[in-house]
Amino acid sequence: MLLRKITLEEFGAYRGKQALDLTVKKSKPIILIGGLNGCGKTTLLDAIQLALYGPRARCSGRGGKSYDTYLRESINRQHDPARGSAVTLEFTVTVDGKERYYKVMRSWRTSGKTLKEFLNVFVDEDYGDNAKPARRAQPDTKFSKLLSESWADHVEDLLPLEVASLSFFDGEKIESLADPERAASVIESAVHSLLGVSTVQQLRTDLLVLQRRQKLSDEEQHLMDNIRIQEAESHSVQEELETAAQELAQRKTELGRAERALETLEREFEKEGGGLFERRIEIEQERKRAVERLADLRASLNQIAAGPLPLLMMGSQLKDVRKQAKREQSAAEAGQVLNVLEERDQWLLNILPEDARDVVIRKLEEDRTKRSKSTALKVDFSLPHDALAQLTVLDEVLVRDKARATELLTLAAAAAEELDQLDRQLAGVPEQSRVEAIQIAREEQLQEFTRIQAAVARDTERIADLKRRREYVTAALERAHNDFVRTKVKAEEVERIIKYSEKARGTLERFGEALLQRHISRLEVAMLQSFKELMRKQGLVQDLRIDTAKFTLTLTDSEGEPIDPGRLSAGERQLLAVSLLWGLMKVAGNRLPSVIDTPLGRLDSRHREHLVDRYFPHASDQVLLLSTDEEIDEYLLGRLKKSVAHTYTLVHDDTNFTTSVVEGYWWNTGAPNVA
C-alpha cells in the first residue's frame, strides 16, 4: 500500500483546502513534513486514519468524546459548520498482483443540531495495467456505491485497523512501547494480524463451525423438529428485528422533520410577538398590581404631606423662631433672678448699719441695672416656656418624615417606571388574529411531534424486547444442537466429519504454533539486527528473545545474562521500540507505509544520526516523517536529503489560529521539493 495524496478541507487548524502530494520513488521513500508544536502534525496523522476508518479511527484528539462531537470540533473554527469539512485520501494497493487506485472522500457538516457524514469511494481497478507515467499521474477513478456502503469491511481487507496501528505511530506511542512489558501486546497483535497467524486461528474456528453444522442428521426426528422450530423462531425474530429497525429509522427521520417544522413555527410565533400574546393576561395582572401599588404609595405621600412635613420649606423661619425662643427664655430667667435679688437686697439692707448703707445701695442698684438690661427685648412674642423643647421634637419629626417621604418617592418613581414598561409591553402585544393561526399550527405540530416521539420510544423498547427474545432463542437453539450432538454423534457420516475436522484442527494448531515460532524467530533476528544498527553502544545487547506464550522481550548481554530494562537509558529504550516497529516491517515485507510523528524526542545527537542514516530511508517503501525544527534540523536535513521525495512545512498563523501547507522545509523554504 502506498499513499498518493491527502487533501484537507477546513479540517482542524487547516483553513481552506490544503493538499500534500505523497508520491515517492524507490530511491526516495521519505516525505518530510515540518511543523512546530501545535501546528497540526498530529492532526495530519489523525486525518489519514479518519479517512480510512471513520468512527473506528484511533485519533489522538478524540479521547473519550463521541464520534459526532469529535467531527463537530474538527471543523475549522472560522468556517461555517453548515458547509462542513472533508478529508480525502488517495492511495494504491496491490490486490492479487494487480495495482488498484483508491480515492476515499469522507466529509461532514452540521444541520441544526444534527451532524451528517458522507463517505464516497472512487476506484480505478485497472490502474496497474498501464505503466506509462502519464497514465499513472491521472487515474481514471469511478464512484463505487458498493464500496462506499461496505467500506468498513473492505478497508479491513486492504489494511486492518490493528495492522494500521503498527504503521501509523507518533512519538508518544514509541515512548509507550519503550517499556518491554508494554511491547508484549504490540508483538502479539502484530504477529497475529500482520504476519497471518490469525488466519490459521480463523480456519480452526471455521472448522469448528463446520463440525457443528455437520452434526445434524435425519435421525432422531423429534430433535431435528426442535432444531427446525428454533431456527424458524430465530429467523422470524431476526426478520422482526430488521423490520423494527427500519421502522425506527423511518420514525427518527419523521421525528427530525417534525422537530424542524416545530422549530420553524416557534420562530414565526416568536417573530409575530406570540410570547407577549401568551403573557398578555399575566402582564395585565402585573399592571393592575403596579397601579394599586403606585396609588398606595401616593396615598402614603399625601398622608405625610398633611402633617408637619411642609414646614421643611420654612427652614429659615423656624431657625428665627428658635433664636427668639432662646432670647425669651433667657429674658424670663433673668427676670426671675432680678426678683430674687430684690428680696435679697432688702434683707441685706436691713441688717447693715446705716453708715454703710449708701455705698451698698449704690453697688446693688448698679448690679440690678446691669442685670435688667438682659431682660429687655426689642420683640416679645410671648412664646410658651417649653417652645425650645417643642421645636426639638418638631425637628425629629421632620427628619423622620423627610426620610420616609424620600423612600416613598423612590418607590413611587420605580412603580411608575414599571407601569410605563408594562404599558409599552401591552402596546406591543399583537392582535389575536395575527398569531391565532400560527398558534393553532404550533399546537398541532407539537402534538404531532409528541406522537412521533412516543412512537420512537415504543419502537426502541420493541427492538430491545426483540433483542432479548433473539438471545433467548439463540440460547435455546444452541441447547437443541448440543442435545442432538450428544445423542447422534455415533452417526457414521457425522463421526467421519468430526474425526477429520478434529484432525485438521489439530494439524492447523500445530501449523499455527510452528508458524508462530517461525515468525517469532524471524522477528527476533530482524529486531536485534535493527537494534544493533541503531545503537551507539554496539556491545550492550548480544541477544534478544521473545516468549511465544506471553510475547515478552528478554535482552541478554555478551555474557548471556538478562539485561534489566532499567539499565537502558530513555533514549535506548526508545530505540528498542523503534527496532520493534522496524523489525515488524522487515518481516512483513515493507508493504505498508510508515507514518512517524515526532520520532526523535529523547535521543541524543549520535542516535539521531543513526535513525536518519540507517532507519528512515529503509523503514518502509514509503515513510512520512512529521518533525519539529529541533528534531530534523538543518544538519540532519542534509544527511536525509538524498532519500527525500517531497518536503513540506506546516505554517501556523498565531493571529487567526490557522495552519497552511507550504512546500519546502525550514532551510529550503520555497523549493518545490529536494529532488
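As a starting point, this report considers the structure included with it.

Criteria and cut-off values
- Residues numbered from 1 in each chain as written.
- Predicted model: local features only at pLDDT ≥ 70, side-chain atom pairs only at ≥ 80, totals over all residues.
- Heavy atoms only, no water.
- Helix = DSSP H or I, 4+ residues; strand = E, 2+ residues; numbered from the N terminus.
- Buried < 20%, exposed > 50% of the residue type's maximum accessible area, 1.4 Å probe, protein only.
- Contact = heavy atoms within 4.5 Å.
- Pairing = 2+ DSSP bridges.
- Core = buried A, V, L, I, M, F, W, Y, C linked by side-chain atoms within 4.5 Å.
- Phe/Tyr/Trp six-rings, centres within 6.5 Å; stacked < 30°, edge-to-face > 60°.
- Arc of directions from axis to C-beta.
- Salt bridge = Lys/Arg side-chain N within 4 Å of Asp/Glu carboxyl O.

1. Quick notes on the overall build of the protein chain
Logical step 1: For the protein chain, the count of helices and strands is 20 helices and 14 strands.
Logical step 2: The 675 residues of the protein chain split such that 40% are buried.
Logical step 3: Considering only intrachain contacts with a sequence separation of at least 6, the fraction spanning at least 24 residues in the protein chain is 72%.

2. Structural notes on the pairing of strand β10 (residues 553-556)
Logical step 1: With four bridges joining them, strand β9 (residues 543-546) and β10 adopt antiparallel strand pairing. When the bridges of β10 are listed, Arg545 appears paired with Thr554.
Logical step 2: Where β9 hands over to β10, the hairpin turn is made up of six residues, of which Phe551 adopts a positive phi near 60°.

3. Details of the nonpolar core
Generally speaking, nonpolar side chains in soluble globular proteins are found buried as a group.
Logical step 1: If you look at the biggest cluster of nonpolar residues, it comprises 53 residues, and the most contacted ones within it are Leu52 and Phe91.
Logical step 2: Per-element tally for this core: the top contributor is helix α1 (residues 41-53), with eight residues.
Logical step 3: Discounting residues that sit within four places of it in the chain, Phe91 has contacts with Met1, Leu2, Leu3, Arg4, Leu52, Arg100, Tyr101, Tyr102, Val104, Trp151 and Leu158.
Logical step 4: Formed by 42 residues, the second largest nonpolar core is a distinct cluster that contains Leu32, Ala526, Met535 and Val644.

4. A few points about the packing of aromatic side chains
Logical step 1: Evaluation of the coordinates by the stated rule reveals seven aromatic pairs.
Logical step 2: Note on Phe122 and Phe143: the rings are 5.7 Å apart at their centroids and 65° apart in plane angle, and the pair reads as edge-to-face. Of this pair, Phe122 sits in strand β6 (residues 114-124) while Phe143 sits in strand β7 (residues 142-143), placing them 21 residues apart in sequence.
Logical step 3: Given a relative accessible area of 22%, Phe122 falls into the partly exposed group.

5. Remarks on helix α5 (residues 151-158)
Logical step 1: Those residues of α5 lying buried are Trp151, His154, Val155 and Leu158. One face of α5 carries all of its buried residues, which in axial projection span an arc of 100°. Set apart from the buried face of α5 by more than 90 degrees, the exposed residues are Asp153 and Asp157.
Logical step 2: Close packing links the buried residues of α5 with α1, β4 (85-95), β5 (98-111), β6 and α4 (145-149).

6. Digging into the pattern of salt bridges
Logical step 1: Throughout the structure, instances matching the rule amount to 18 salt bridges.
Logical step 2: In this structure, Glu10 engages Arg15 in a salt bridge whose closest nitrogen and oxygen atoms are separated by 2.7 Å.
Logical step 3: Given the relative accessible area of 10%, Glu10 is considered buried.
Logical step 4: Its salt-bridge partner being Glu240, residue Arg469 comes within 3.6 Å of it at the nearest N-O pair. Here Arg469, found in helix α16 (residues 432-488), pairs with Glu240, found in helix α10 (residues 221-271); they are 229 residues apart in sequence, far enough to count as distant.
Logical step 5: For Arg469, a relative accessible area of 31% gives the class partly exposed.
Logical step 6: The partly exposed category is assigned to Glu240, whose relative accessible area is 27%.
Logical step 7: When salt bridges that share partners are traced, they join Glu233, Glu240 and Arg469 into one network.

7. Here we look at the pairing of strand β13 (residues 644-653)
Logical step 1: The element β13 is largely enclosed, with a buried count of seven among its 10 residues.
Logical step 2: One ladder, built from six bridges, connects strand β3 (residues 30-35) with β13; its direction is parallel. Pairing of Gly34 across the sheet is with Thr649, part of β13.
Logical step 3: Sheet topology note: the β13/strand β14 (residues 658-663) ladder contains six bridges and is antiparallel. Paired with His652 across the strands is Thr659, a residue of β14.
Logical step 4: Joining the antiparallel neighbours β13 and β14 is a turn of four residues, in which Phe657 adopts a positive phi near 55°.

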